[in-house]
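Here's the letter readout for the chains.
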Amino acid sequence: MYQAGMKSNNLLGLDQAELVRLAESLGEDPFRGRQLYVQLYRRKQHNLDLMTDLSKSFRSRLLQDYSVSLPAVRQVVTSRDGTAKLLFRLDDGTFIEAVHIPEETRDTLCISSQVGCAVGCTFCMTARMGFARNLRVGEIVGQVLRAIEMGLVGENGFNIVFMGMGEPLYNYRNVMKAFRLLTDSEGMNLSYRRITVSTSGVTPVLRQMAEEPKLPNLAISLNATTAEVRNRIMPINKRWDLKELLDVCRDFPLEPRRRITIEYVLLKDETDSDEDARRLARLLRGIPSKVNLIPYNPSPGLPHERPEEHRISRFQEILSELNVSAFVRKTRGIDVAAACGQLAHLEAS
Ligand code: SAH
Ligand code: SF4
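Residues numbered from 1 in each chain as written. Chains lettered and ligands numbered in written order. Predicted model: local features only at pLDDT ≥ 70, side-chain atom pairs only at ≥ 80, totals over all residues. Heavy atoms only, no water.

Caption draft 1: Fine view of the site of ligand 2. All residues in the neighbourhood of ligand 2 are listed as C117, V119, G120, C121, C124, A127, G166 and S200. Looking at the shell around ligand 2 residue by residue, the classes come out as 5 nonpolar, 3 polar and no charged. (Near = heavy atom within 4 Å. Nonpolar A, V, L, I, M, F, W, Y, C, P; charged D, E, K, R; others polar.)

Caption draft 2: Highlighting the domain arrangement of the chain. Structurally, the chain comprises domain 1 (9-67) and domain 2 (72-336). Between domain 1 and domain 2, the C-alpha centre-to-centre distance is 34 Å. Each partner contributes to the interface: domain 1 provides 12 residues, whereas domain 2 provides 15 residues. Note on domain 1 versus domain 2: buried area summed over both sides is about 1,100 Å², and carbon and sulfur give 57% of it. Area buried by domain 1 at its contact with domain 2 is led by Y37, Y41 and K44, which between them contribute 44% of it. In this structure, K177 and E18 form a salt bridge, with 2.7 Å as the shortest nitrogen-oxygen distance. Residue assignment for the side of domain 1 that touches domain 2 shows that the elements contributing at least two residues are α1 (16-25) and α2 (30-42). Considering every element that reaches the side of domain 1 that touches domain 2, the biggest residue donor is α2, with 4 residues. Here the residues of the side of domain 1 that touches domain 2 are counted per class, giving 5 nonpolar, 3 polar and 4 charged. (Domains from an automatic or database assignment. Contact = heavy atoms within 4.5 Å. Buried area = accessible area lost by both parts, 1.4 Å probe. Salt bridge = Lys/Arg side-chain N within 4 Å of Asp/Glu carboxyl O. Helix = DSSP H or I, 4+ residues; strand = E, 2+ residues; numbered from the N terminus.)

Caption draft 3: Representation of helix α3 (residues 56-65) within the structure. When α3 is considered as a whole, its buried residues turn out to be F58, R59 and L62. On an axial view of α3, the arc spanned by its buried residues comes to 95°, and they lie on one face. Facing away from the buried side of α3 by more than 90 degrees, the exposed set consists of K56 and Q64. Where the residues of α3 are buried, they touch α1, α2 and β2 (66-67). (Buried < 20%, exposed > 50% of the residue type's maximum accessible area, 1.4 Å probe, protein only. Arc of directions from axis to C-beta.)

Caption draft 4: Highlighting the nonpolar core. Membership of the largest hydrophobic core comes to 108 residues, with the highest contact counts inside it found for L11, V144 and V291. Discounting chain neighbours no more than four positions away, the residues touching V144 are L109, I111, F158, I160, L182, M188 and L190. (Core = buried A, V, L, I, M, F, W, Y, C linked by side-chain atoms within 4.5 Å.)

Caption draft 5: Fine view of the sheet that holds strand β5 (residues 95-101). Strand order in the open sheet made by the 10 strands is β3-β4-β5-β6-β9-β10-β11-β12-β13-β14, with mixed pairing throughout. With partners counted over all chains shown, the strands left at the sheet margins are β3 (72-78) and β14 (326-328), one partner each. Each strand of the sheet is rotated relative to its neighbour by a mean of 20°, with strand direction disregarded. Bridging between strand β13 (residues 289-295) and β14 involves 3 bridges; their strand directions are parallel. Bridge pairing in β14 links N292 to F327. Against the sheet, helix α6 (residues 172-183) engages β9 (159-162) and β10 (195-199), with an angle of about 170° to β10. (Pairing = 2+ DSSP bridges. Axes fitted to C-alpha atoms, helices over the stretch in contact; angles between N-to-C directions.)

Caption draft 6: Quick look at a nonpolar patch on the surface. Taken together, the side chains of V73, V76 and M150 define a hydrophobic patch exposed on the protein surface, amounting to about 200 Å² of accessible area. Looking at V73, the relative accessible area reads 31%, which means it is partly exposed. (Patch = residues over 30% accessible without salt bridge, like charges linked within 9 Å, V, L, I, M, F, W, Y side chains within 5 Å. Areas by Shrake-Rupley, 256 points an atom, 1.4 Å probe, with all protein chains shown as cover.)

Caption draft 7: Structural view of the site of ligand 1. Surveying the vicinity of ligand 1 reveals 20 residues, the closest of which are F123, G166, S198, S221 and N297. Take T199: an N or O atom from its main chain is 3.4 Å from an oxygen atom of ligand 1. Isolated, ligand 1 exposes 530 Å² of accessible area, and the fraction of that covered by the protein chains is 95%. Broken down by secondary-structure element, the contributors of at least two residues to the shell around ligand 1 are β10, β12 (260-266) and β13. Along the lines of polarity and charge, the residues of the shell around ligand 1 split into 9 nonpolar, 9 polar and 2 charged. (Polar contact = N/O pair within 3.5 Å; in protein donor to acceptor, adjacent residues only side chain to side chain.)

What follows is the structure in structure tokens.
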């Protein structure tokens, strides 16, 4: 619920066309809307009082119905390896998390697309929260703006991955609008090649996505090689199964030299057998892809175990022998529960 007195209209999340229309509706020149756009996204000015290139009267009329609201940073927990987990409180009192992962070549910012998640994968803590709601566009872009404001990432040259809380393709419209705002050359101007959307496999939306003029990189959480196992650990497979998902991947439009990332969580004695590795190589035939092996990150109460190191390397080796490029995702931030699958805010503080 919105608190009394809080303005629910957030300017952040509106695109240039919408801001131009808003300016016009307030009797201003369309150009004022473009200035507002540049202030918000290029200059990253979020205090209307400091937007001195806009007239006082325009600003005060805006303030009657609008505010500029960024998610509030409630807590930052930094891991021994430098990974930082940011806890955000949203306007309605719900919480989401984002993770900053410093890397030698290029930092990565992992952001959320929903409060909780409805998909219910058995290995993922976010599933335990259940689903609360979709993030608004301003709340998605706001996570990035906060990380920039805090000096965690530079204005350019970092990766953004939609691998935090939530299933991005269940919040497709807002995720794609946020993607366009992040990459607009007149605004935030981040490279679309450095943005990745990860999905558990919402195939109808993937088909829709394939029609977009400009696309982020795609990562698919495959995580199993048989329908039986995938049904068990990722209930979404009962709705859109492995085969259908791989068919969509086979047809997905890719720029030259681009590949789909196939994420594969290694669960001891469940998804880590030699046979799984060979089956995975077979399934990926004809799909320009690279495999990202993610050794399971344990969380209390989840019914899985992490395979031993020699199993992880054996799995990777088999894939390589079969000419599938496979990388083992380095575990980061595990001591502060910021690693893949550990994001959950189970009670509000
Ligand atoms: N909902 C999206 C994006 C968020 S999850 C999706 O599922 O793709 C990001 C990645 O973390 C997914 O590939 C998921 O399979 C993986 N993951 C989830 N829980 C994990 C865990 N406990 N250990 C390792 N990886 C996990
Ligand atoms: Fe949702 Fe992704 Fe977690 Fe599955 S792995 S429950 S889709 S966030």
